[in-house]
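# Observations on chain architecture
Chain by chain, the residues:
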Amino acid sequence: MFDFFVFCDIISTNVWFVVKKMDIIDKLKILADSAKYDASCSSSGSSRKNKNRGIGNGNVSGICHSWSNDGRCISLLKILFSNCCIYDCKYCINRCTNTVRRATFTPREVADLTINFYKRNYIEGLFLSSAVIKSPNYTMELLIRTISILRNEYHFNGYIHCKTIPGCSKELIDPLGKLVDRMSVNIELPSHNSLKLLAPQKEKDGILTPMTYISNGIKQNKLDKSKFKIDFVPAGQTTQLIIGATPESDLKILKLSEGLYQKLNLKRVYYSAYISINNDKNLPTLKSPPLLRENRLYQADWLLRFYGFKADELLDDSHPNFNNILDPKCDWALRHIEQFPIEINTADYLTLLRIPGIGVISAKKIIRARRSFYLDFDSLKKLGVVLKRAKYFITCKGKYFDKICKFNESFIETNLIYQERNNLKQPQFEQLSIFDSLQPTKEDKIKCLTGSL
Amino acid sequence: MSNWKLINKTYLYDGSFYGFLTIVFDSYLTKTLPQKICKKNTYLSNFLDTTIEIETNLEKAQRILNGIEKNIGSDTLYNTYYAFLSNEKNKEFNILKYLCNGFIVGPKINHNLTTSYVFKVVSMRKKTLSECHKLKGLLRFQELSNNLSYASIHPDNNILEPLGHHFIKRFASMNFVICDKNRDICFVYNTKEYKIIHSQNICIPNISEDEKKYQELWKLFFKTIFISERNNPRCQMQFMPKKYWQDLIEKP
Ligand code: SF4
């Protein structure tokens, strides 16, 4: 093991030397390519102002600047500082045992690229992450240097999201946290065992310790009411889990997310469908990434954050994974049919939110409108409430929707599944990763309305 | 509003927001609604119409503005402004009815979504705002040789002014011009103040030396970030409609 590490180090120092002469085009190609698998691209939650006539500001609801051919929003310049890694995480393209082209930026190069992209309105800011060069602390110092050029020399007030290197020391988190808007430590593998198996050099503690430290830092910073305080990670911290590389069930993953939201106050947990890049006996070979499963987890995640659901309600040991055809809320509703139908004119807000097809915005509209008059199905339509799913689960003034005279599980299930099958022929997954703050933003609400929750 | 008189006249105005507010003022004062409201320069005279030209009156407009804010609330003012920027036909007439009724019922007006003109005003606002938000992201500046940044856009709605304000906040110390090619108007900002002028009055120098390099780097980044296993052009198109592609550097 010891020899192996020395070997890696020699490779990476040599490569470091070679790539110094590489031009910026090659570096960008290599280091953007390596960073693209990170799902997070949100730029919301920061209201940083343009100070001292510097450049840029934050936008609380986030702005997307382009959409890539895979339909994902491009909002940040998402790059690795370097892909010369000393670690050997099995699932990662940049693990030290792979032969890939290696490159490392200089702090100045990253800062210049960011500023020039930003001035042309290509991006909302920077998302910087890195492989581990030499040591976690060495890498962290390079990241800090880069970001402090941007903030202090170029007076850049745009959005910066920086990944913390697992295993770095606490003393380095503080200065970084005061420069950036958001920090993340990626958990990647949803259990201790999987971590040991696939990322042997990363320790669970090396991940959870910085997360806890950041979380406490944010809490304390919020309590500090002094006028001159420097914000610490004002847009909060996030993490990412890889879906489908390891055997954890949806229930286990969702419980983990729930814990992260409750205990560490995370802003977002991102889910990234595993894409087979490396061959390894401990890794599954998947023909295509499990995108549907990823989508189901995002939907369930929303139910946790905005709809008052608990992980235990959505799934349990006898039913540990989500349904392929029905979204988590429909699935839940069918298994709790005794709680339906719900009368639109009397149900309270949280109950309305439990109706499949009714999102935050519809529920609010209903509450507001029914103050002035009784709602029937026609007025629901006029309000813009989509009845496609909801019609099976509600009554208006005590009446069911048109032809739905039978109210029972199998009838509804057959109908819903029939509808969904038609949908599934052309799968179309919403891009949820751009919406972010804890309170649903305007766009969130639009999403909930058009989305399938 | 039921006792208001519908008069058989077509109002012509100069197309400005203040011009429109002048119409609102006159209508409210006389408790009458015209048959149509048209812009002077696009109006095709019609044998059957009796037209009245309304002169823009800043004082009347200002009084209406204050009146809206005080009596119907700032939400309504917001709705009015953004609905007015919409390119929808008949927007003037719908907003007029919305405001006149608003003066009678107060802020409650915005809850009456089942009334057709309220619904229309609200949906016009939504459309303009969402286009404005979209272009905050999709607009591309090019750096010109005289230290000026230039962007051209082709929006459906007249969102130049709110869009310009967004960029003033963001690039307070940058000289920039945003040109709405569909309307031939430009938003010009010189780090202190801004103006909206006709495109004819502006000449655009060549792009700077760095510009080409950063355009190439951006195209490269755009291509590289794509994950082929997740290819989904439909989704891309849905978020980034084709009509905006002409002004993008990275055209998918
Ligand atoms: S630490 Fe692991 S996941 Fe990160 S770049 Fe290195 S090998 Fe990849």
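Preceding block: the structure.
In short, a report on the structure.

## Observations concerning the sheet that holds strand 6 (residues 142-143) of chain B
Note on sheets: strands pair through backbone hydrogen bonds, and any given pair is parallel or antiparallel. Residue and element names in this part refer to chain B. Pairing in this open sheet of 5 strands is mixed, and the strands run 6-7-8-9-10 from one edge to the other. The open sheet has two free edges, formed respectively by strand 6 and strand 10 (194-198), since each of these has just one partner strand. As defined by bridge partners, strand 8 (residues 176-180) adjoins strand 9 (residues 185-189) across 5 bridges and the pair is classed as antiparallel. Within the sheet, the bridge partner assigned to Val 177 lies in strand 9 and is Val 188.

## Remarks on helix 6 (residues 160-170) of chain B
Buried residues dominate helix 6 of chain B, accounting for 8 of its 11 residues. B:Leu160, B:Pro162, B:Leu163, B:Gly164, B:His166, B:Phe167, B:Ile168 and B:Arg170 are the residues of helix 6 of chain B that are buried.

## Section: the site of the ligand
Residue and element names in this part refer to chain A. As a matter of local geometry, the ligand sits amid Cys 85, Tyr 87, Cys 89, Cys 92, Arg 95, Ala 131, Val 132 and Lys 202. Most atoms of the ligand, that is more than half of them, are within 2 Å of grid points of the largest cavity. Class assignment of the residues belonging to the shell around the ligand gives a composition of 6 nonpolar, no polar and 2 charged.

## Some thoughts on the layout of surface pockets
All names here are of chain B. Size it by volume and the second largest pocket reaches roughly 940 Å³. As for the second largest pocket, its lining consists of 37 residues, of which Gly 15, Lys 39, Thr 42, Lys 91 and Glu 92 are closest to the centre. When residues of the lining of the second largest pocket are traced back to their parent elements, those giving at least two are helix 1 (17-30), strand 4 (36-39), helix 3 (74-84), helix 4 (91-105) and helix 6. Take the lining of the second largest pocket: its biggest share by element is 4 residues, from strand 4. Taken together, the residues of the lining of the second largest pocket break down into 14 nonpolar, 12 polar and 11 charged. When residues of the lining of the second largest pocket are assigned to domains, at least three map to each of domain 1 (5-127) and domain 2 (139-247).

## Side note on the interface of chain A and chain B
Counting from both sides, the interface comprises 59 residues of chain A and, opposite them, 51 residues of chain B. Overall, the association of chain A and chain B removes approximately 5,100 Å² of surface from exposure, summing both partners, and the carbon and sulfur fraction of that is 59%. Across the salt bridge formed by B:Glu143 and A:Lys119, the nearest N and O atoms sit 3.6 Å from each other. For the pair chain A and chain B, the interface holds 21 residue pairs in polar contact (both at pLDDT 80 or more). Mapped by element, the contributors of at least two residues to the side of chain A that touches chain B are helix 2 (24-35), strand 1 (66-67), strand 3 (76-80), helix 3 (107-119), helix 9 (291-306) and helix 16 (442-450) of chain A.

How each quantity is defined
- Residues numbered from 1 in each chain as written.
- Chains lettered and ligands numbered in written order.
- Predicted model: local features only at pLDDT ≥ 70, side-chain atom pairs only at ≥ 80, totals over all residues.
- Heavy atoms only, no water.
- Pairing = 2+ DSSP bridges.
- Helix = DSSP H or I, 4+ residues; strand = E, 2+ residues; numbered from the N terminus.
- Buried < 20%, exposed > 50% of the residue type's maximum accessible area, 1.4 Å probe, protein only.
- Near = heavy atom within 4 Å.
- 1 Å grid on protein atoms, 1.4 Å probe; cavity = no way out; pocket = protein on both sides within 12 Å on 5 of 7 lines; lining within 4 Å.
- Sits in = over half its atoms within 2 Å of the grid points.
- Nonpolar A, V, L, I, M, F, W, Y, C, P; charged D, E, K, R; others polar.
- Points joined across faces, edges and corners; volume = space filled by probe spheres on them.
- Domains from an automatic or database assignment.
- Contact = heavy atoms within 4.5 Å.
- Buried area = accessible area lost by both parts, 1.4 Å probe.
- Salt bridge = Lys/Arg side-chain N within 4 Å of Asp/Glu carboxyl O.
- Polar contact = N/O pair within 3.5 Å; in protein donor to acceptor, adjacent residues only side chain to side chain.

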